[in-house]
Amino acid sequence: MTTSVVGTHVETKGRRLMPRWRDYGRPRELVVRYLLLLLVLGLTVGPLLWQLLASLKGVSEDVFGTDATLLPHHPTLRAYRTVFDQVPVWSYIRNSLIVVALSVTSQLVFSTTAGYMLSKPAWKGRKAVWVVLVASMMFPFESIMVSLFISIRDLGLVDNLAGVWLPGFVGAINVLLMRGAFLAVPREIEDSAMLDGANEWQRFRYLYLPSAWGAIMVVVINTFISAWDDFLWPLIVLRSESNMTLTLGLSRLQSSSFGYDQRMVMAGSVISVVPVLVLFVITQRWFYKGVSSGAVKL
């Protein structure tokens, strides 16, 4: 086998092992491509970065206005210390974690089992259930919000964390996502498991669930973000401060009782988004894998 080095790439018997720059397109196309990527990066990461920098500014530095600068001249954690001193942040975090834990658990149990049943062919009513699930996604939450609150009130769950969790105990999109992931499992593998004597539960537990691990992580991440960031429904249901979730409790920083310190508001926003970022960084590879493997199949 002969190997020759040409420019900055390696060729072996006429086959390139390392691509040339022109393999990615013309230089002008590359410039446009990277400029667009930088624009998208600025639009997505820019606001979060600005909030972080604003929360580190001192009292004498302006957050808004013509005299405001992007970088803090004297970075300080004063705003974060003030938030933890004046607001029961740990109590809010505990309440949010309770809602998140209940939501993730119920979503996993019901979306995986319902998705598994919908992936099974030839049982009566499957098409009707499919149509109902798809149709339910067409109605925005605001259209059923009043009737949902009346139901929660009749159940005696107002100002209760269970009342925050109950409307989101299972989501149609997660059921359809798990159905798509289970449909990707070859039928021949299940037939082989049946011939080996595996019952329905064993096939679900040891065959389907491991094959849909990526889609399961998508359900976990989506549910975590939805339950953690939810503001409107906790605002409607919760009354007492001891039951408030993190996003609802930190919104009180904008009230006049805290002097509306802009740096404290920014610090509260950063505190609320950090757990989501940490979860996504830890599980991102499973998330991207699950998005592709759990695509909805008709």
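That block above? That's the structure.
Residues numbered from 1 in each chain as written. Predicted model: local features only at pLDDT ≥ 70, side-chain atom pairs only at ≥ 80, totals over all residues. Heavy atoms only, no water.

Once that is clear, we can look at the nonpolar core. One finds Val83, Val89, Met178, Phe182, Trp228, Leu246 and Leu253 to be the most contacted residues of the largest nonpolar core, which totals 50 residues. Broken down by element, this core gets its largest block of residues, eight residues, from helix α10 (residues 213-229). What Trp228 contacts, discounting residues up to four positions off in sequence, is Ile93, Ser96, Leu97, Val100, Leu246, Thr247, Ser272, Pro275 and Val276. Membership of the second largest hydrophobic core comes to six residues, among which are Leu118, Leu133, Ala172 and Leu176. (Core = buried A, V, L, I, M, F, W, Y, C linked by side-chain atoms within 4.5 Å. Buried < 20%, exposed > 50% of the residue type's maximum accessible area, 1.4 Å probe, protein only. Helix = DSSP H or I, 4+ residues; strand = E, 2+ residues; numbered from the N terminus. Contact = heavy atoms within 4.5 Å.)

Attention shifts here to the packing of helix α3 (residues 89-118) against α10. Direction vectors running N to C along α3 and α10 enclose 145 degrees, while the axes themselves pass 9 Å from each other. Relative to α10, the crossing made by α3 is right-handed. Residues Ile93, Ser96, Leu97, Val99, Val100, Ser103, Val104, Gln107, Leu108, Ser111 and Thr112 of α3 form the contact with α10, whose own contacting residues are Ile216, Val219, Val220, Thr223, Phe224, Ala227 and Trp228. Residues of the contact of α3 with α10, tallied by class, amount to twelve nonpolar, six polar and no charged. (Axes fitted to C-alpha atoms, helices over the stretch in contact; angles between N-to-C directions. Left-handed = near helix turned anticlockwise from the far one by under 90°. Nonpolar A, V, L, I, M, F, W, Y, C, P; charged D, E, K, R; others polar.)

Positioned with a positive phi, Asp159 is a non-glycine residue whose angle comes to about 60 degrees. The class for Asp159 is partly exposed, based on a relative accessible area of 23%.

A few words now on the packing of aromatic side chains. The full count for this structure, using the stated rule, is ten aromatic pairs. Measuring from ring centre to ring centre gives 5.0 Å for Tyr116 and Tyr208, while their planes differ by 75 degrees; the resulting arrangement is edge-to-face. Of the two residues, Tyr116 sits in helix α3 while Tyr208 sits in helix α9 (residues 200-211), which places them 92 residues apart along the sequence. Under the relative-accessibility criterion, Tyr116 is labelled buried at 4%. Accessibility expressed as a relative area gives 4% for Tyr208, which makes it buried. With a centroid separation of 5.6 Å and an interplanar angle of 85 degrees, the aromatic rings of Phe182 and Tyr208 are classed as edge-to-face. (Phe/Tyr/Trp six-rings, centres within 6.5 Å; stacked < 30°, edge-to-face > 60°.)

Position of Gln107 among the secondary structure elements: in helix α3. By relative accessible area, Gln107 is classed as buried at 6%. A polar side-chain atom of Gln107 sits 2.9 Å from a polar atom in the side chain of Asn174. Each residue touching Gln107, except ones within four places of it in the same chain, is listed here: Thr112, Gly168, Phe169, Val170, Gly171, Asn174, Val219 and Thr223. (Polar contact = N/O pair within 3.5 Å; in protein donor to acceptor, adjacent residues only side chain to side chain.)

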